[in-house]
Amino acid sequence: MEQVPFTGGEKESLRVALDRHRDAVLWKLRGLDEESARRPMTPSGTSVLGLTKHLAAVEYSWFCETFGRETEPLPLDDDDPDADLRVEPDETIAGIVAFYGRARAASDRVIEELDLEDTGTAWHGATVSLRWVLIHLVEETARHAGHVDILRELIDGAVGDHDRAPA
């Protein structure tokens, strides 16, 4: 797992911080079967796979829609605020991981192409900079990586924030 550079530039440091949390979420999915990954672990129905789906949707939304880039259809619904957290019966670990991979790749292209000061329009109408979106997504992804860590521990006792096995 890449380390945030101690003396790196701001954009590079934010991107690496985001990648560390993205990778932690995916690592927590590894080794789970379909039933365990989608199992609701809280009264609100939160699951490891549902949080991964949510993170994919918010990456596409914040990085791509905010800055005028195309996305694939997103599971976002103003009338159903939990739509992006719910795993539908036909969705699989492989499918949601692939969705997250496509969202990450599209987001990374936006990060690469824009300067931190470049602005876009958020879903709620506010003008936001790429810097703000990067900070927000580091926060969002870290928050949910923590949730995923707790859910995984409840499922099978696995703990930790990243794979410590040698690469």
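Scoring rules and cut-offs
Residues numbered from 1 in each chain as written. Predicted model: local features only at pLDDT ≥ 70, side-chain atom pairs only at ≥ 80, totals over all residues. Heavy atoms only, no water. 1 Å grid on protein atoms, 1.4 Å probe; cavity = no way out; pocket = protein on both sides within 12 Å on 5 of 7 lines; lining within 4 Å. Points joined across faces, edges and corners; volume = space filled by probe spheres on them. Helix = DSSP H or I, 4+ residues; strand = E, 2+ residues; numbered from the N terminus. Nonpolar A, V, L, I, M, F, W, Y, C, P; charged D, E, K, R; others polar. Buried < 20%, exposed > 50% of the residue type's maximum accessible area, 1.4 Å probe, protein only. Polar contact = N/O pair within 3.5 Å; in protein donor to acceptor, adjacent residues only side chain to side chain. Contact = heavy atoms within 4.5 Å. Phe/Tyr/Trp six-rings, centres within 6.5 Å; stacked < 30°, edge-to-face > 60°.

(A) Region of interest: the layout of surface pockets. Estimates place the volume of the largest pocket at around 370 Å³. The wall of the largest pocket is formed by 14 residues, among which Val58, Ser61, Leu76, Asp78 and Trp123 lie closest to the centre. Those elements that provide at least two residues to the lining of the largest pocket are helix H3 (48-65) and helix H5 (130-156). In terms of residues, the lining of the largest pocket owes the most to one element, H3, which gives five residues. When the residues that make up the lining of the largest pocket are grouped by side-chain class, the tally is five nonpolar, three polar and six charged. Its boundaries defined by the atoms lining it, the second largest pocket holds a volume of some 200 Å³.

(B) Structural context of the side chain of Ser107. Topologically, Ser107 is positioned in helix H4 (residues 93-113). Looking at Ser107, the relative accessible area reads 0%, which means it is buried. Reaching out from Ser107, the side chain makes a polar contact with the side chain of Glu59 at a distance of 3.0 Å. Setting aside its immediate chain neighbours within four residues, Ser107 contacts Arg22, Glu59, Tyr60, Phe63 and Cys64.

(C) Just the packing of aromatic side chains, in detail. Under the criterion given, the structure shown has two aromatic pairs. Where Tyr60 meets Phe99, the ring centres are 5.9 Å apart and the plane angle is 40°; that geometry is what we call tilted. Separated by 39 residues along the polypeptide, Tyr60 in helix H3 and Phe99 in helix H4 bring together distant segments of the chain. Taken as a pair, Tyr60 and Phe99 share a single burial class, namely buried. Look at Trp62 and Trp132: their rings are 5.2 Å apart centre to centre, the planes differ by 55°, and that puts the pair in the tilted class. Taken together, the positions of Trp62 in helix H3 and Trp132 in helix H5 put the pair 70 residues apart, joining distant regions of the chain.

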